[in-house]
Amino acid sequence: MISPRTLAGLASLAALAACSTPGGQPDVDAISPQAALFERFSYEGRSQETATPSATQYRNPILSGYYPDPSVLRVEDDFYLINSSFTNFPGLPLFHSRDLSTWTQVANVITRPSQANFQGLRSSRGIYAPDISYHEGVFYVVTTCVDCGGNMVMTATRPEGPWSEPVKLAFGGIDPSLFWDADGKVYLVGNDAPAGKPRYDGHRAIWVQEFDPAALAVKGERTLLVNGGVDIAAEPSWIEGPHIFRRGAYYYLIAAEGGTGDNHSQVVFRSTSVRGPFTPYAHNPILSQRKLDPARPNPVTSAGHAKFVQTPDGQWWATFLATRPYRDGMYNIGRETFLLPVSWKDDWPLVLADGKAIPFVAARPALPAQARPALPLSGDFAYVDEFDGARLSDAWIGVRTPAAPFHRLEAGRLVLEPRGRLGDLEATPAFLARRQQHHIATVATRLRFRPAREGDRAGLVAYQSDASHLFYGVTRMGQRDVLALTMRDKGDADRLLASASVDGDAIDLEIRFDGGRADFFYSAGGVRRVLRAGVDASFLSTSRAGGFTGTIVGPYVWRSGATGPD
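Everything quoted here is computed from the prediction, not taken from an experiment. Counting restarts for each chain, with residues numbered from 1 along the sequence as it is written. Per-residue local features of the predicted model are confined to residues with pLDDT of at least 70, and side-chain atom pairs are confined, for both listing and counting, to 80 or more; whole-chain, interface and lining totals are unaffected and use all residues. No hydrogens and no water enter the side-chain calculation; it runs on all heavy atoms of the structure.

## Some points on the sheet that holds strand E13 (residues 186–192)
Convention followed: Following DSSP output, two strands are said to pair if at least two bridges run between them. Under the scheme used here, helices are H or I runs from DSSP no shorter than 4 residues and strands are E runs no shorter than 2 residues, and both carry numbers assigned from the N terminus. Convention adopted: a line fitted to C-alpha atoms gives each axis, helices being fitted over their contacting stretch, and angles between N-to-C directions are expressed from 0 to 180 degrees.
Overall, antiparallel pairing links the four strands, which are arranged E12-E13-E14-E15 in an open sheet. Single-partner strands in this sheet number two, and they are strand E12 (174–180) and strand E15 (217–227). The sheet shows a mean angle of 25° between the axes of neighbouring strands, taken without regard to direction. Across five bridges, E12 lies against E13 in antiparallel orientation. The residue of E13 that forms the bridge with Phe-179 is Tyr-187.

Encoded structure:
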């Protein structure tokens, strides 16, 4: 939480105010005539698969929707988990649990413009594959800011923050993580280019170097641990997401291999020394879904990028990412966080036998079960944000780093002031969103907005990227105020799908998603109508839009000629 603002600190805190900071709102009379007012935001989601866990079971995924690249940590009886966030701001969502299956967001690590600048970056650049660790009262997050600074480390004495400014690390590549050895030494392990010229597309390597926690810097020589992957003769692709841990006589190195699509997998190596040589397991991979029939009902695919954690009773568990396509490998909601137990045989770990399907329900860890939170992150759920609190939930995110605030909460309304235009990579749009966490989902809001010029618009945006998104709201078109539905399908211009004349100050907007289909409803003057039904929304799938994110949906406003910093 940020303390009350001072004039000197206003510039650096402005973007945090746009997404998560309370207080400082002006009087209602100060609302700009350019602003759009949103009263209430509701979400209701239902999973496409049928899965009913018993009192002794949990449900996968444990974090539904766009929560990829999980890194899990145990500190005594508490567990923490962090995910990638790319160019979304605030960034690096951080969660807490005491039973490993029921999670609550407690913070975002990146909350200030000074920590990361995403201006000019496409939606799938920015923050990749964070790792969280803890030592002697300090939490450490190491991550990569792709095209915005490279590998870096941030610290905090409490997971809720405040988190420090990032310190750049002289260690190339992506996906860094820290290993704290029993002898007091600390090591940074990460993915980087191989020594010499790459032999093939996707040829990467895993390297390790000692880390100085006092100086927050690497030191000494860097050592090559894995060249290419399990078997370089087979030209394995994109070895990444490495983690080192120790169990008994061995150091274990686990990593993802095969790319983040359907060939994704988790592999393991072991050594008696932290600097190797590391021997691959003869029965790799230890987790994958790539051998299963893609036409099976309710598939889980693309599993990998795991990290292990040990519970107080000595059991091992793995968090990892996977996807739930609705058809033909298409999923709009991004890569999600799953949980499975780890078994051991002959001092080798196994998450899931090759060719076995990831279960949607499984036996809970032997930990005291938590009550279902007010805002669940798994299973079927619904929520309503009445915008009547002092601050927005940490779950609200925007696109790129704002230089100044564009939102405030007033009298049960979200007030958005126009900023950059969606699709302009050099600008930050006045867009706040929540993750679409189910393929079957209904999102709704009430909007008050009056266009003044041609093209002025406000409403709901479902966003996969600047080139792939839809807009549903009020705009000025041909000198008329209309309700419009537009889309961009890997393009730089909007295509009009439907429109209708509107009159009056308030309109209720509702979008219903069902896999690759979307229906659009509205209510004005007490009459509910459908604007367009059966719209093909598969252009929001990762397979069509590309990239590594998932769909986010929420309020947006833009006005032609609007002034104000981006």
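Resuming the write-up.
## Considerations on the domain arrangement of the chain
What counts, and what does not: Domain delimitation follows an automatic or database domain assignment. Note: buried area is the sum, over both parts, of the accessible area (probe 1.4 Å) each one loses when the two are combined. We define a salt bridge as a contact between a side-chain nitrogen of Lys or Arg and a carboxyl oxygen of Asp or Glu at a distance within 4 Å. What qualifies as a polar contact is a pair of N or O atoms within 3.5 Å, subject to a donor-acceptor requirement within protein and to the restriction that residues adjacent in sequence count only when both atoms come from side chains. Gly is put with the polar residues, along with every residue not named as nonpolar or charged; the nonpolar set is Ala, Val, Leu, Ile, Met, Phe, Trp, Tyr, Cys and Pro, and the charged set is Asp, Glu, Lys and Arg.
When its domains are assigned, the chain resolves into domain 1 (36–44 + 381–558) and domain 2 (53–363). Put simply, the middle of domain 1 and the middle of domain 2, counted by C-alpha atoms, are 32 Å apart. Both sides together, the interface formed by domain 1 and domain 2 hides about 3,100 Å², and carbon and sulfur atoms give 52% of it. Our count for the domain 1 to domain 2 interface comes out at zero salt bridges. At the surface where domain 1 touches domain 2, the tally comes to 21 residue pairs in polar contact (both at pLDDT 80 or more). Only strand E27 (398–399) and helix H2 (542–545) provide two or more residues apiece to the side of domain 1 that touches domain 2. Partitioned by chemical class, the residues of the side of domain 1 that touches domain 2 number twelve nonpolar, 19 polar and six charged.

## A short note on the UniProt feature "active site" (unreviewed entry) in the chain
Put simply, the test is: UniProt positions are given in the numbering used here, feature names are shortened, and annotations may be inferred rather than shown by experiment. Exposure is judged per residue with a 1.4 Å probe applied to protein chains only, and the accessible area is read against the type maximum: over 50% gives exposed, under 20% gives buried, and values in between give partly exposed. We call two residues in contact when some of their heavy atoms are within 4.5 Å.
Under the UniProt annotation, the feature "active site" (unreviewed entry) is placed at Asp-69 and Glu-240. Across 172 residues of sequence, these annotated residues stay compact in space, with a maximum C-alpha separation of 10.7 Å. Within the fold, Asp-69 resides in the loop between strand E2 (57–59) and strand E3 (71–75). Under the relative-accessibility criterion, Asp-69 is labelled buried at 7%. The contacts of Asp-69, once residues within four sequence positions are left out, are Ile-82, Asn-83, Ser-84, Phe-86, Ala-129, Pro-130, His-305, Leu-321 and Arg-335.

## Quick notes on the pairing of E3
A regular strand carries its side chains on alternate faces of the sheet. Taken across its five residues, E3 has four buried, putting it largely inside the fold. Bridge count for E3 against strand E4 (residues 78–82) is five bridges, and the pairing is antiparallel. Paired with Val-72 across the bridge in E4 is Leu-81. Joining the antiparallel neighbours E3 and E4 is a turn of two residues, in which Glu-76 adopts a positive phi near 55°.

## As for unusual backbone geometry
Of note, the bond from Phe-89 into Pro-90 is cis; its omega dihedral lies within 30 degrees of zero at -5°. For Pro-90, the location among the structural elements is in the loop between strand E5 (88–89) and strand E6 (91–97). Of note in the backbone geometry, Ala-129 takes a positive phi value of approximately 40° without being a glycine. Within the secondary structure, Ala-129 is located in strand E8 (residues 126–135). In this structure Ala-129 comes out as buried when scored by relative accessible area, which is 5%. A positive phi is found at Asp-147, a non-glycine position, where the angle reads about 70°. Of note, Asp-147 is situated in the loop between strand E9 (138–146) and strand E10 (150–156).

## Here's the deal with the confidence of the model for the chain
A low pLDDT score tells you not to read the predicted coordinates there in detail. Worth spelling out the cut-off: By definition, pLDDT measures how confident the predictor is in each residue, and it falls between 0 and 100.
Averaged over the chain, the pLDDT score is 93; the fraction of residues at 70 or greater is 94%. Note that pLDDT drops below 50 for residues 1–30; the model gives that stretch 58 contacts with residues more than four away or on any other chain.

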